[in-house]
Amino acid sequence: MSYKYTEMWKKLNINLEAHDQLIGILSEGYQTNFLSQSNRPEGMKYFDFVVSEIHGLRIQELVEARKEGKKIIGSFCVYVPEEIILALDAISIGLCSGAELAFEEAEKYVPRNTCALIKSAIGFNLAKVCPYIEVSDLVVGENTCDGKKKAYESIKDLVNDFHLMDLPQTKNSDSMKFFKTEIRRFIAKLEELTGKKLTFEKLQAAIKKVNKKRQAVARLNILRRNPNCPISGLDALLINQIYFNDDIDRFTGKVNELCDELEKKLETKQSGKRILVSGCPMAIPNWKLPAIVEQNGGHIIGEELCTGERGSFHLTAEDADTLEAQIDQIAERYMKIECAVFTPNEDRLERIKEMAKIYKADGVLLYNLQFCQPYQHESISIEKELENLNIPVLNIDTDYSMEDSGQLSTRIEAFIERLS
Ligand code: BJ8
């Protein structure tokens, strides 16, 4: 990444030495996993560019937006409603949590047996290598799993400003009422921060804009259901990761352009066993599992992940005629997300079964981060259920380190070999 950004990083209090190392690792990983793929669509060039400028140009845009008075809102979870952020003229961004960085330091704040995603979020913060955290006027935490819930007690003191959104644990009419109250509390916090008032017109425009982004990735997902899935799982994951950080209109346009190109490639024969992945989110730059799968004869054709369909599948209704009704419909949309922190969470299993069918998956890979109780727990019953339906399944627990790559490779290769 160009050193023309050094002054900007310094102003953002970035540790330049540690940041250089991180960018070095990121570039190497990108070269090995992405740029070495053959026959990539032309449209991926834009996403390559985004990655090459992920701590550069995009941060510069956010810095400029702040100068114009816009607020930057960072978050770690797909339950944080983007529509509301946009409607208050703020910018929503996903925060770094996909690499093993400063874990020893992070373990001074959270127990060792905490998942890699949480340790990474804290590690990036402590190591001062995440310009997204530094540029965020507000970080929003959500009470989802126990690990995040407790980690936010530390994170709140490490960031510029912090808002905690409480989430119910079950889905029923009472919990929906509670969640709607929490959404309104979030609106109040954002109104105070931005000095603006949420209006029906602004929210309507934001709902439509976010839905268009979701529809663009849904279009890509529909193309991937084709017997000749025209894009690698790695590239599709990358798009799902960039979903959280790029300018929304530009991202939507570029995904649609890519889809226009892919629609013409559906006749090109693709090889590889079709794999559906389900489980914990894969935050950028966590590309470990898809890289191993696709190096061993698999082709990931769908993701039941928050960095995949779970995060973008549901649309917010667009037919409300009052602001209050819009807010309620937003709450209803977000409560449909099938995250394992809810109990019971039968909808997730139904989604996996449905996706395995419509994506014509040869097998399902359950991806759990070590120490992630909700997903590890659900993977046990999901594995049994899929086996009962004769859907081949491989249940994997891993973390962000590369130490288990050899072992994972062997298991995944054997799994792919047994798929008929
Ligand atoms: S909606 S999946 S983004 S909570 S991996 S931190 S669950 S111990 S990230 Fe998540 Fe929102 Fe749910 Fe999605 Fe905890 Fe598990 Fe770690 Fe996790």
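Quick note: structure is the one above.
Residues numbered from 1 in each chain as written. Predicted model: local features only at pLDDT ≥ 70, side-chain atom pairs only at ≥ 80, totals over all residues. Heavy atoms only, no water.

(A) Inspection of the site of the ligand at higher detail. In the vicinity of the ligand, 17 residues are found, and the nearest of them are Cys115, Cys145, Cys306, Cys339 and Cys372. Looking at the shell around the ligand residue by residue, the class counts come to 14 nonpolar, one polar and two charged. (Near = heavy atom within 4 Å. Nonpolar A, V, L, I, M, F, W, Y, C, P; charged D, E, K, R; others polar.)

(B) Quick peek at the packing of aromatic side chains. Evaluated as defined, the whole model comprises eleven aromatic pairs. Here the aromatic rings of Tyr46 and Phe47 are separated by 5.1 Å at their centres, their planes lie at 80°, and the arrangement is edge-to-face. Overall, the relative accessible area of 13% leaves Tyr46 in the buried class. By relative accessible area, Phe47 is classed as buried at 0%. Here the aromatic rings of Phe47 and Phe251 are separated by 6.2 Å at their centres, their planes lie at 80°, and the arrangement is edge-to-face. Within this pair, whereas Phe47 is found in helix 3 (residues 44-52), its partner Phe251 is found in helix 13 (residues 248-263), the two being separated by 204 residues in sequence. Judged on exposure class, the residue Phe47 and its partner Phe251 are both buried. Through a chain of ring-to-ring contacts, three or more aromatic side chains come together here, namely Tyr46, Phe47, Tyr243, Phe244 and Phe251. Residue placement shows Lys213 over the ring face of Tyr243; its charged tip is 4.0 Å from the ring centre. We note Arg351 situated over the ring of Phe313; from NZ or CZ to the ring centre the distance is 3.8 Å. (Phe/Tyr/Trp six-rings, centres within 6.5 Å; stacked < 30°, edge-to-face > 60°. Buried < 20%, exposed > 50% of the residue type's maximum accessible area, 1.4 Å probe, protein only. Helix = DSSP H or I, 4+ residues; strand = E, 2+ residues; numbered from the N terminus. Lys NZ or Arg CZ within 6 Å of the ring centre and 35° of its normal.)

(C) View of the sheet that holds strand 5 (residues 273-279). Pairing is parallel across the open sheet formed by four strands, whose spatial order is 6-5-7-8. Only two strands of the sheet have a single partner each, and these edge strands are strand 6 (298-304) and strand 8 (393-398). Along the sheet, successive strands turn relative to each other by an average axial angle of 30°, direction set aside. One ladder, built from six bridges, connects strand 7 (residues 363-369) with strand 8; its direction is parallel. Its bridge partner being in strand 8, Leu366 is matched across the sheet by Asn395. In the packing of helix 19 (residues 405-417) onto the sheet, the strands contacted are strand 5, strand 6, strand 7 and strand 8, and the crossing angle to strand 8 comes to about 170°. (Pairing = 2+ DSSP bridges. Axes fitted to C-alpha atoms, helices over the stretch in contact; angles between N-to-C directions. Contact = heavy atoms within 4.5 Å.)

(D) Spatial organisation of the nonpolar core. If you look at the biggest cluster of nonpolar residues, it comprises 128 residues, and the most contacted ones within it are Phe47, Leu238, Ile239 and Leu289. Residues contacting Leu238, with those up to four places away along its chain left out, are Tyr30, Phe34, Met44, Phe47, Val51, Ile284 and Trp287. In this structure, Cys229, Leu276, Ala361 and Leu386 belong to the second largest nonpolar core, which totals 15 residues. (Core = buried A, V, L, I, M, F, W, Y, C linked by side-chain atoms within 4.5 Å.)

(E) Up close: the environment of Cys280. Tracing the chain through its elements places Cys280 in the loop between strand 5 and helix 14 (288-295). Between the C-alpha atom of Cys280 and that of Ser173, which follows or precedes it by 107 residues, the distance is 27 Å. Excluding its chain neighbours within four sequence positions, the residues that come into contact with Cys280 are Leu305, Tyr367, Asn368, Leu369, Cys372 and Tyr375.

Structural measurements only, silent on function.
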